[in-house]
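Chain by chain, the residues:
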Amino acid sequence: MSKQPDVIWLNTSPSFLCFAKPLLRELSRYITIARWEYSQTQDEASSLDVAVELLHNYLESSNQPVHLIGHSTGGLVGLLYARRYPEKVKSLTLLAVGADAALDWQAHYYTHLPFLSHQKILNAMVYNLFGYQNERTVKRLESILEQDKNCSLSPHSLFKRLSVPPCPVPVPLMVCGSTDDIIVERDALQGWRPFLMEGDRYWECQKGRHFFHLFEPEIVAEQILDFWQSLRQLDSVCSSLKV
């Protein structure tokens, strides 16, 4: 029988999975990790509720709580799931998820769309998300952003924006971000601080922009693993105190 995973990476964008692989490789050296994937066609409506229930169906077969980790909208799905089914979640780690957890790059895209052309916005977003790149890489990244816009779960469109106000999370929480992320800026990330409970953790990467886990996978993995280790130590202490 195959070992059940300790950690589930929540992926809501097939085109963005390539940005997560360096971090997943680092984490998999120390812990069993699986990917939960959500994808949709251009004709399907985006529904966070559907995604949460599909995740629940996936995790129902697990006989123990798991660590959930997600970037941007993947983290949002994890957050909504942890609030609805806290008994299934050992901890939640959010990467580039602000206190308004619905904020993502597509929210910025649709905010600027009435004023700039689609192509100009994509080109600017490549720089904002990844920094300066050569022309060939810029074209490739523009294509990835286009795919994400068309085929990923996002709560935003030209006609509506969703906001998810912050509140305490009923499971151990780690919030990670980058100081130079212009999508989830530092103020948006620090909006989590009043809602952190004892044992929760807040950490900022000094560089890497919105995809800091792509550019700094070793240090991000180190911080996340240390968080999980602290939870194991706490569990051990609590167990020793039980009568």
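Along each chain, numbering runs from 1 in the same order as the chain's sequence is written. Two thresholds apply to this predicted model, a pLDDT of at least 70 for residue-level local features and 80 or more for giving and counting side-chain atom pairs, whereas whole-chain, interface and lining totals are computed over all residues. Heavy atoms throughout the structure, all of them, feed into the side-chain values; hydrogens and water do not.

1. Focus: the packing of helix H5 (residues 118-130) against helix H6 (residues 135-151)
Right, so step 1: Structural elements are reduced to axes, namely lines fitted to C-alpha atoms, with helices fitted over the stretch in contact, and the angle between N-to-C directions of any two is expressed from 0 to 180 degrees. Put simply, DSSP marks the helices as runs of H or I at least four residues long and the strands as runs of E at least two long, and each gets a number from the N terminus on. Contact geometry for H5 and H6: axes closest at 9 Å, N-to-C directions at 105°. Considering their axes alone, H5 and H6 lie roughly perpendicular with respect to each other. Contacts from His118, Gln119, Leu122, Asn123, Met125, Val126, Leu129 and Phe130 in H5 reach Val138, Leu141, Glu142, Leu145, Glu146 and Lys149 in H6.
Right, so step 2: For the contact of H5 with H6, a count of residues per class yields eight nonpolar, three polar and three charged. Any angle from 65 to 115 degrees is called roughly perpendicular, while one under 35 is roughly parallel, one over 145 is roughly antiparallel, and all others are oblique. Between two residues, a contact is recorded if the distance between any of their heavy atoms is within 4.5 Å. Side-chain classes follow a simple rule in which Ala, Val, Leu, Ile, Met, Phe, Trp, Tyr, Cys and Pro form the nonpolar group, Asp, Glu, Lys and Arg form the charged group, and the remainder, Gly included, forms the polar group.

2. Some remarks on the nonpolar core
Right, so step 1: Joining through side-chain atoms within 4.5 Å is the link that ties buried Ala, Val, Leu, Ile, Met, Phe, Trp, Tyr and Cys residues into a set, and such a set is a nonpolar core. The buried label applies to any residue whose accessible area, calculated with a 1.4 Å probe on protein chains only, is under 20% of its type's maximum; exposed applies above 50%, and partly exposed to all values in between. Counting residues in hydrophobic clusters, the biggest one holds 51 residues, and the most contacted among them are Leu68, Leu92 and Trp105.
Right, so step 2: Residue contributions to this core peak at six residues, all from H5.
Right, so step 3: Those residues in contact with Leu92, other than ones at most four positions away along the chain, are Leu68, Gly78, Leu79, Ala82, Val169, Val171, Pro172, Leu173 and Met174.
Right, so step 4: With 23 residues, the next largest nonpolar core counts Leu24, Cys176, Leu225 and Trp228 among its residues.

3. A few points about the pattern of salt bridges
Right, so step 1: Basic side-chain nitrogens of Lys or Arg form a salt bridge, by our definition, when they fall within 4 Å of a carboxyl oxygen of Asp or Glu. As enumerated under the stated definition, the model contains nine salt bridges in all.
Right, so step 2: Note that Glu53 and Arg84 form a salt bridge whose closest N and O atoms lie 3.0 Å from each other. Placement of Glu53 in helix H2 (residues 48-59) and of Arg84 in helix H3 (residues 73-84) is noted, with a sequence separation of 31 residues between them.
Right, so step 3: You can call Glu53 partly exposed: its relative accessible area is 29%.
Right, so step 4: Note on Arg84: relative accessible area 39%, which makes it partly exposed.
Right, so step 5: For Glu216, the salt bridge is made with Lys207, and the minimal N-O distance between the two is 3.6 Å.

The analysis is restricted to geometry; functional conclusions fall outside its scope.
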